[in-house]
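Working through the structure, step by step
For reference, the chains in residue letters:
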Amino acid sequence: MGKHEHHTPATAASGIEEAIQMLEGRWKLVILFHLFGGKLLRFSELERAIPAISQKMLIQQLRQLEQDGIVARIVHAQVPPKVEYHLTEWGQSLCPALDELLTWAEKRPTPKRARRPTSA
């Protein structure tokens, strides 16, 4: 297993499942891709960038990403409140892994059609 030789197949699978659970959610990956590259976006900018998401869902997904340590929230003490989001250093380190996953997915071979038995 390369650089993860301390894992068994079961612990490796469990670790990957845990990582995937942190990214589960219809909008989490979209949010992450908007924040990659060190971007600092206000809540309203994220809303505009993802027009199909409801405010409630955006709040929920951002809170989950924040609880998992992937996204950080900055609240500025002003009226009206200004809230900005950015990726944590750990969250930003996810970018190369997702790029690799995208490259892997793009290389998917064309599915073969099921062979039908030929009549004799």
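Here the residue numbers are simple positions, counted from 1 along each chain's written sequence. Totals for whole chains, interfaces and linings use every residue, but because this is a predicted model, local features are given only for residues with pLDDT of at least 70 and side-chain atom pairs only at 80 or more, for both listing and counting. Working from all heavy atoms in the structure, the side-chain values ignore hydrogens and water.

1. Some remarks on the packing of aromatic side chains
- Each aromatic pair joins two rings of Phe, Tyr and Trp (for Trp, the six-membered one) with centres within 6.5 Å, and gets the label stacked for planes under 30 degrees apart, edge-to-face for over 60, and tilted for any other angle. Counted under the stated rule, the structure contains 1 aromatic pair.
- Pairing Phe33 with Phe36 gives two aromatic rings, centres 5.2 Å apart and planes at 85°, and the pair type is edge-to-face.
- Only protein chains enter the accessibility calculation, which uses a 1.4 Å probe; a residue is then buried when its area is under 20% of its type maximum, exposed when over 50%, and partly exposed in between. When its relative accessible area of 40% is taken as the criterion, Phe33 is described as partly exposed.
- According to the relative accessible area criterion, Phe36 is buried, its value standing at 7%.

2. Here we look at the side chain of Thr88
- Structurally, Thr88 is set in the loop between strand 3 (82–87) and helix 5 (89–92).
- A distance of 2.7 Å separates a polar side-chain atom of Thr88 from the backbone oxygen of Gly69.
- Here a polar contact is taken to be a pair of N or O atoms separated by no more than 3.5 Å, where protein atoms must pair a possible hydrogen donor with a possible acceptor and residues adjacent in sequence count only if both atoms sit in side chains. Within the structure, the side chain of Thr88 is placed 2.9 Å from the backbone nitrogen of Gly91, a separation counted as a polar contact.
- Residues in contact with Thr88, not counting those within four places in the same chain, are Gly69, Ile70, Val71 and Ala72. Comment: elements are numbered from the N terminus, with helices defined as DSSP H or I runs of at least four residues and strands as E runs of at least two. Contacts: residue pairs with any heavy atoms within 4.5 Å of one another.

3. Observations concerning the sheet that holds strand 2 (residues 71–76)
- One requirement defines pairing of two strands: DSSP has to find at least two bridges between them. An order of 1-3-2 is seen for the 3 strands of this open sheet, with the pairing classed as antiparallel. Two strands in the sheet have a free side with no partner beyond their single neighbour: strand 1 (41–42) and strand 2.

4. Quick notes on the pairing of strand 3
- Of the strand pairs in this sheet, strand 1 and strand 3 are connected by 2 bridges, and their pairing is antiparallel. Note that in strand 3 the partner of Arg42 across the bridge is Glu84.
- In this structure, strand 2 lies alongside strand 3, joined through 6 bridges in antiparallel fashion. Bridge pairing links His76 to Lys82 in strand 3.
- Linkage of strand 2 to strand 3, two consecutive antiparallel strands, is achieved through a turn of 5 residues.

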